[in-house]
There are 2 protein chains.
Amino acid sequence: MPKVSEQHRAARRAQILDAARVCFLRNGFHATTMQDVFGASGMSAGAVYRYFPGKEEIVRAIAGEAITEITGALQPLVEAPGAPAPFYEVIAAAVTALERLDVERGIPRIAVQVWAESLRSPRLAADVEAIIGSVAPLMMRLVERHRDQAWLPADVPVEATARALIGLVPGFIVQRVLTGLDAATYLEGLRVLLPSRDRVGAAAQ
Amino acid sequence: MPKVSEQHRAARRAQILDAARVCFLRNGFHATTMQDVFGASGMSAGAVYRYFPGKEEIVRAIAGEAITEITGALQPLVEAPGAPAPFYEVIAAAVTALERLDVERGIPRIAVQVWAESLRSPRLAADVEAIIGSVAPLMMRLVERHRDQAWLPADVPVEATARALIGLVPGFIVQRVLTGLDAATYLEGLRVLLPSRDRVGAAAQ
DNA sequence: AGTATAAAAACGAACATCCGTTCTTGACAG
DNA sequence: CTGTCAAGAACGGATGTTCGTTTTTATACT
């Protein structure tokens, strides 16, 4: 029985997903046809349908990949041991990573499409919420650590502050994909807006 | 010669656009069919096609409307005479307006779809860029006024700061439409992150 | 006022096209 | 041989748009 190696199967899957991502970047989820994916991947309809039960599952796989990579860009600095990282540093790391992910694979562009699609697909919405939902507690933990260092008042609203921080990421993504904003410029601006410990007491706004 | 009043024509157009917006909110641009729009508007195919040459033009009209309303939410405070409004106040006004636009007509949800769609439609991308492009100079002007009041250093990077400020708006929109974030919470968080004149010198981060 | 009329507006069934999926067929490894 | 994998033509269904027909309505004329 000619069963193919597990490694080969994974490679095939990746081949399909890579092709699909390129198609989605060019035409969006709905306007890319299965034929497009067949062509871009160099595989036949029968072959692709062996690895994915349908178009929606390909979209879900791509979406999960993109959202996971973006939230993943936030985690390292948040969870670093020792003194908590300054907010600016955390966002800087995330934004820099996002820029690289955009240049290399267009991940932020996929993300914007996922946001839109999740507004009408409960399936995708659940996927997205599951992944994004894991970020909020993480960021809240970071805010708490800042508070415990007395960098923030004891009664700081933890969740609200975390939400505002998280918002800085889509704030960059949207401007990046719509107007080509680069990370350096955005971060330069954030340095003005966000107070840093070094500049406590300095006049800002 | 029986031509109908201009007023009637405008009402008809609005009737189509209102129906289309509801459909788009429920199903997205691509998954709503013309039949859906016919049904929701209570008009026939022929009638709708008398007012719009095709589906794409309806999408463009809805998109332009949504983006215009959102950028419009930013302008009043930015252009107010007298002393420049604090950054927090400007963003607060915009975010509060956005929440209302969401409850009333789902405008932010439409906006997210427009962002995604503009990634693959040069037509729409041009529309969006034209409208959004008008916001950056406005916000830059606000930053300059802050600088001229010596609320910011003389060498403040104007464009970068404006970009960071602008990012706070999509930062709210995305979290609003994906996780139901409310304006009050977001603004409470922003008050922690953004230094305000009253709190200059207070420990923050 | 009442009516005729012609052009605009609306209707809605039909059309051509296209897309996701299936299924039969063949190739090839064990 | 035999069972897995791949190929790709074919299918059923749905979609955006058109177009011939019907209805409405503003105006001209009696």
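Note that this is a predicted model, so its numbers are computed, not measured. (Residues numbered from 1 in each chain as written. Chains lettered and ligands numbered in written order. Predicted model: local features only at pLDDT ≥ 70, side-chain atom pairs only at ≥ 80, totals over all residues. Heavy atoms only, no water.)

Enquirer: Help me understand the packing of aromatic side chains, please; the structure alone is not making it clear to me.
Expert: Aromatic ring pairs are described here by two measures, namely the spacing of the ring centres and the angle between the planes. All names here are of chain A. Across all of its chains, the model carries six aromatic pairs over all chains by this definition. When the centroid spacing of 4.9 Å and the interplanar angle of 90° are considered together, the rings of Phe24 and Phe29 count as edge-to-face. Using a relative accessible area of 1% as the deciding quantity, one classes Phe24 as buried. (Phe/Tyr/Trp six-rings, centres within 6.5 Å; stacked < 30°, edge-to-face > 60°. Buried < 20%, exposed > 50% of the residue type's maximum accessible area, 1.4 Å probe, protein only.)

Enquirer: For this particular structure, what's the right way to read the nonpolar core?
Expert: Among soluble globular proteins, nonpolar side chains are generally buried collectively. The biggest cluster of nonpolar side chains holds 139 residues, and the ones touching the most others in it are A:Ile58, A:Trp115, A:Met139, B:Ile58, B:Trp115 and B:Met139. Beyond its immediate stretch of four places on either side in the chain, B:Met139 contacts B:Leu74, B:Val78, B:Val90, B:Ala162, B:Leu165 and B:Ile166. (Core = buried A, V, L, I, M, F, W, Y, C linked by side-chain atoms within 4.5 Å. Contact = heavy atoms within 4.5 Å.)

Enquirer: Help me understand the pattern of salt bridges in this model?
Expert: Pairing between side chains of opposite charge can happen when the charged atoms of each approach one another. Residue and element names in this part refer to chain A. If you walk through the whole model with that rule in mind, you get 30 salt bridges over all chains. With a closest N to O distance of 3.4 Å, Glu56 and Arg123 form a salt bridge. Highlighted residues: Glu56 in helix α4 (residues 55-72) and Arg123 in helix α8 (residues 122-132), separated in sequence by 67 residues. Accessibility expressed as a relative area gives 44% for Arg123, which makes it partly exposed. (Salt bridge = Lys/Arg side-chain N within 4 Å of Asp/Glu carboxyl O. Helix = DSSP H or I, 4+ residues; strand = E, 2+ residues; numbered from the N terminus.)

Enquirer: I would appreciate a short explanation of the relation of the copies chain B and chain A in the present structure.
Expert: Each of the two chain copies can be brought onto the other by rotation about an axis and movement along it. Note on the identical chains: chain B maps onto chain A by a rotation of 180° and an axial translation of 0.0 Å, with an RMSD of 0.1 Å. The symmetry that links the two subunits is that of a two-fold axis. Most of the interface of chain B is mirrored in chain A, where 100% of its interface residues again form contacts. (Least-squares fit on C-alpha atoms with pLDDT ≥ 70 in both.)

Enquirer: Is there a simple way to think about the domain arrangement of chain A in this case?
Expert: Interface size is often expressed as the accessible area that is lost when the parts come together. All names here are of chain A. Per the domain assignment, the segments making up chain A are domain 1 (1-52) and domain 2 (55-194). Distance between the C-alpha centres of domain 1 and domain 2: 29 Å. Taken together, the 14 residues of domain 1 in the interface contact 16 residues of domain 2. Buried area between domain 1 and domain 2, summed over both chains or domains, comes out near 1,400 Å², and the portion from carbon and sulfur atoms is 74%. Applying the counting criterion to the domain 1 and domain 2 interface returns one salt bridge. Note that Glu65 is salt-bridged to Arg21, the shortest N-O span being 3.8 Å. Joining domain 1 to domain 2, the criterion identifies six residue pairs in polar contact (both at pLDDT 80 or more). (Domains from an automatic or database assignment. Buried area = accessible area lost by both parts, 1.4 Å probe. Polar contact = N/O pair within 3.5 Å; in protein donor to acceptor, adjacent residues only side chain to side chain.)

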